[in-house]
Amino acid sequence: LDEEQKGVVSYENFYQTDEDAQNATNGLYDVLAQAMTNANSPGIQNAMFFTFNLCGDDLYAAGEFYGDNDFMSQLNEFRYASDHECLTNAYKAFYNIIYAANLVINNVGASEMTDVKKRCIAEARVIRAYCHMMLASVWFDPPKIEQVLTGSETITNSDHIELLTWCGDECMEVVGDLPE
């Protein structure tokens, strides 16, 4: 217990350099990729894909017999409740991505700014805005989370139009920091 851990960077010493900023942004893209590809998902389905594609006629949830893949058929036939597995997992995935984006945004900007750090923050802000936009398209007025929450904050639902306007504004504000 008296030996110092090897290969561990403390939270206070991270997010200082351009390399730290890039590594944190890579971590954000990893969380995003896992959510989009269903890696490490608690269910067998790709929650985001099914949430946005099964509710309609573009995709048919079929199986060997009626009732096979019922969790997908529920979405396909509009007979699901708010606690449906796909909806719950997609909602959680979007907020996991937002959390990872907020780690970059809130911490990378705390030290001296460079072009690399500005780009990393800009990428994180665009991804965070995208997630909020997708949440608003399904859940209408989800909470807007702009910082890493510590557990003591009270969050409330956002206004739908204000949230979508904020999403557009977020992207427009950082466009100059993104490479073409």
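Bear in mind that the values here come from a model prediction, so they are computed numbers and not experimental data. (Residues numbered from 1 in each chain as written. Predicted model: local features only at pLDDT ≥ 70, side-chain atom pairs only at ≥ 80, totals over all residues. Heavy atoms only, no water.)

## Description of the environment of Ser73
Following the sequence through the fold, Ser73 ends up in helix H3 (residues 70–76). Judged by relative accessible area, Ser73 falls into the buried class, the value being 5%. For Ser73 and Gln34, which are 39 residues apart along the polypeptide, the C-alpha to C-alpha distance reads 24 Å. Setting aside its immediate chain neighbours within four residues, Ser73 contacts Ala61, Asp68 and Arg79. (Helix = DSSP H or I, 4+ residues; strand = E, 2+ residues; numbered from the N terminus. Buried < 20%, exposed > 50% of the residue type's maximum accessible area, 1.4 Å probe, protein only. Contact = heavy atoms within 4.5 Å.)

## Description of the packing of aromatic side chains
Aromatic rings considered in pairs are described by the distance between their centres and by the relative angle of their planes. With the rule as written, the count across this model stands at three aromatic pairs. Measuring from ring centre to ring centre gives 4.7 Å for Phe14 and Tyr15, while their planes differ by 65°; the resulting arrangement is edge-to-face. You can call Tyr15 buried: its relative accessible area is 8%. Ring pairs connect the aromatic residues Tyr91, Tyr95 and Trp139, which therefore count as one cluster. (Phe/Tyr/Trp six-rings, centres within 6.5 Å; stacked < 30°, edge-to-face > 60°.)

## Re the pattern of salt bridges
Inspection of the entire model under this criterion finds seven salt bridges. As a salt-bridge pair, Arg119 and Glu123 come within 2.8 Å of each other at their nearest N and O atoms. Of this pair, Arg119 and Glu123 both sit in helix H5 (residues 115–139), four residues apart, roughly one helical turn. A relative accessible area of 14% means that Glu123 is categorised as buried. (Salt bridge = Lys/Arg side-chain N within 4 Å of Asp/Glu carboxyl O.)

## Considerations on the packing of helix H1 (residues 18–37) against H5
Interhelical geometry of H1 versus H5 gives an angle of 20° and a closest axis separation of 9 Å. In terms of axis orientation, H1 runs roughly parallel to H5. Relative to H5, H1 is oriented so that their crossing is left-handed. Contacts between H1 and H5 involve Asp18, Ala21, Gln22, Thr25, Leu28, Tyr29, Leu32 and Met36 from the former and Val116, Lys117, Arg119, Cys120, Glu123, Ala124, Ile127 and Tyr130 from the latter. Residue composition of the contact of H1 with H5, grouped by class: ten nonpolar, two polar and four charged. (Axes fitted to C-alpha atoms, helices over the stretch in contact; angles between N-to-C directions. Parallel < 35°, antiparallel > 145°, perpendicular 65-115°, else oblique. Left-handed = near helix turned anticlockwise from the far one by under 90°. Nonpolar A, V, L, I, M, F, W, Y, C, P; charged D, E, K, R; others polar.)

## Regarding the state of the cysteines
Applying the stated criterion to the full structure yields zero disulfides. Cysteine Cys131 shares no disulfide, and the gap to the nearest cysteine sulfur, in Cys167, comes to 9.5 Å. Classification of Cys131 as buried rests on a relative accessible area of 0%. Cys171 takes part in no disulfide bond, and the closest cysteine sulfur, belonging to Cys167, lies 7.2 Å away. Of the residues examined, Cys171 reaches a relative accessible area of 28% and is grouped as partly exposed. (Disulfide = S-S within 2.5 Å.)

Keep in mind that these numbers describe shape and distance, not what the molecule does.
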